[in-house]
Amino acid sequence: MKFKEKLSYFRFFFAFFKNKILLFLTFILTFISITLEISSPYYIKNLIDNAILKDNFDKTVRFCLLIILINIGSSIISYLENFISIKISNDYNYYFKQKFIDKLFSIPYHLIKDKTFGGILTLFEKDIGQITAFNQTIIFGIVTNLFHMLGLFFFLYCLNFKIALLTLLSLTVYFLIIRSTYKCIDKVSRLIRKKSIDINAFIYDRFYNILYIKLLAREQNELQIYNNKYNNYLKSYYKISIFTLMIDNLKSFAGFIGSIIIILYGSYLTIKKEMTIGELLAINSLFISIFAPASFLINLKLNYHKNAVSFERIIGFFKITEENNNGKNINKIEEIVINNLSFGFEKEKLILKNLSFNFKKGEIVLLKGNNGSGKSTLCFLLLGFYS
């Protein structure tokens, strides 16, 4: 598929950039919030080295008040940033659903008639919601976490470049642990997502057809089908839960070992008077803080794998051929004439063959035939649903 064709299917993802002013404001607030957050370890270092260890209580109070004010300011800015990002996300979700409905109404009937009510509803509710959340994470998360991580790492490098290199080594080990799980998590995540969508579609369809289920006394049968589907889903869910817990513990252990190494090396430098206690505590705080944004960036591909099924389903829906609306409007019909009409969905199997008759205005006509003889097909042909 050509790049331009691929891009046309993703045109709705760029709707996040429709309100450029709000988006720009969000990034400015993010920049200020992260700058304040990054500066906290610096003030903690000065609090310990220049106030507490020098028995200067007035300075200690001033530094404490400054740190409190920085945290209050950071919290207020973070609140505004999140509020605006939610507004942008809701606008995007509305735009996406509007595009979905427009597409749904433009698809020819014969291409959509076999899709279940539950299948369409899960596309509209679940998949669009998943993609909205993922795109919000991509657009705001990458910029925020990348800037956050680089800022922390730069400050760490300024304090002690050897510890900065040790931190980089720890992050590399962390990345390799995550990298080794990509294929397995991708496979199981897709399976779980498909089964989850199937269960939701099943429930929607059964609610939609609840009257027929009651009339046919199929309540127990449908409940059994649901239980089988759900038990099948749980088996896959337990597998990935056990695997994910194991990987999470391994990641935590890697971070813990990294932190211990940093403390040991920092303590060694402190004992040798090459580092102050304030610098040691600031470095340890920076090392712990740097793992959150780094973890987000490293896990980005895993998050995509978890949402890949939703992307594929939505892209498949938007690829369906649209209806040709170049037909003529008919304001007045006096007579319908059919001459030698033959039609079938397959050339070898014609539903209608050499059909000819007239419908005159004012006449009442009865179409009679067995199931599958082509009564509905003839009506759909007259309405232009088939061509």
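A brief structural summary. Residue positions within a chain follow its written sequence, with the count starting from 1. Note on the predicted model: pLDDT of at least 70 is required for a residue's local features to be given, and 80 or more for side-chain atom pairs to be given and counted; whole-chain, interface and lining totals, by contrast, use all residues. Heavy atoms from the whole structure form the basis of all side-chain values; hydrogens and water molecules are not counted.

## Topic: the pattern of salt bridges
Part 1 of the argument: Note on definitions: salt bridges are taken to be side-chain nitrogens of Lys or Arg within 4 Å of carboxyl oxygens of Asp or Glu. Per the counting criterion, the structure on display carries five salt bridges.
Part 2 of the argument: Ionic pairing is found between Arg 218 and Glu 222, a salt bridge with its closest N-O pair at 3.1 Å.
Part 3 of the argument: Buried residues are those whose accessible area, probed at 1.4 Å on protein chains only, stays under 20% of the maximum for their type, while exposed residues exceed 50% and partly exposed ones sit between those limits. A residue is classified by how much of its surface remains accessible, and Glu 222, at 10% relative accessible area, is buried.

## Quick notes on the packing of aromatic side chains
Part 1 of the argument: Any pair of Phe, Tyr and Trp rings, taking the six-membered ring for Trp, is counted once the centres come within 6.5 Å. Such a pair is stacked with planes under 30 degrees apart, edge-to-face with planes over 60 apart, and tilted for the rest. Applying the stated criterion across every chain yields a total of ten aromatic pairs.
Part 2 of the argument: A centroid spacing of 5.9 Å and a plane angle of 35° characterise the contact between Tyr 230 and Tyr 233, whose relative ring orientation is tilted. In this pair, Tyr 230 and Tyr 233 are both assigned in helix α9 (residues 219-271), three residues apart and thus about one turn of the helix distant.
Part 3 of the argument: By relative accessible area, Tyr 230 is classed as partly exposed at 34%.
Part 4 of the argument: Its relative accessible area of 17% is what places Tyr 233 among the buried residues.
Part 5 of the argument: Through a chain of ring-to-ring contacts, the aromatic side chains of Phe 202, Tyr 226, Tyr 230, Tyr 233, Tyr 237 and Tyr 238 assemble into a single cluster. To qualify as a helix, a DSSP run of H or I must reach at least 4 residues; to qualify as a strand, a run of E must reach at least 2; elements of each kind are numbered from the N terminus.

## Considering the side chain of Thr 377
Part 1 of the argument: Topologically, Thr 377 is positioned in helix α12 (residues 375-383).
Part 2 of the argument: Taking relative accessible area as the criterion, Thr 377 reaches 10% and is therefore assigned buried.
Part 3 of the argument: In this description, contact between two residues means that some pair of their heavy atoms is separated by no more than 4.5 Å. Ignoring anything within four residues of it in the chain, the contact list for Thr 377 reads Phe 343, Ile 351 and Tyr 386.

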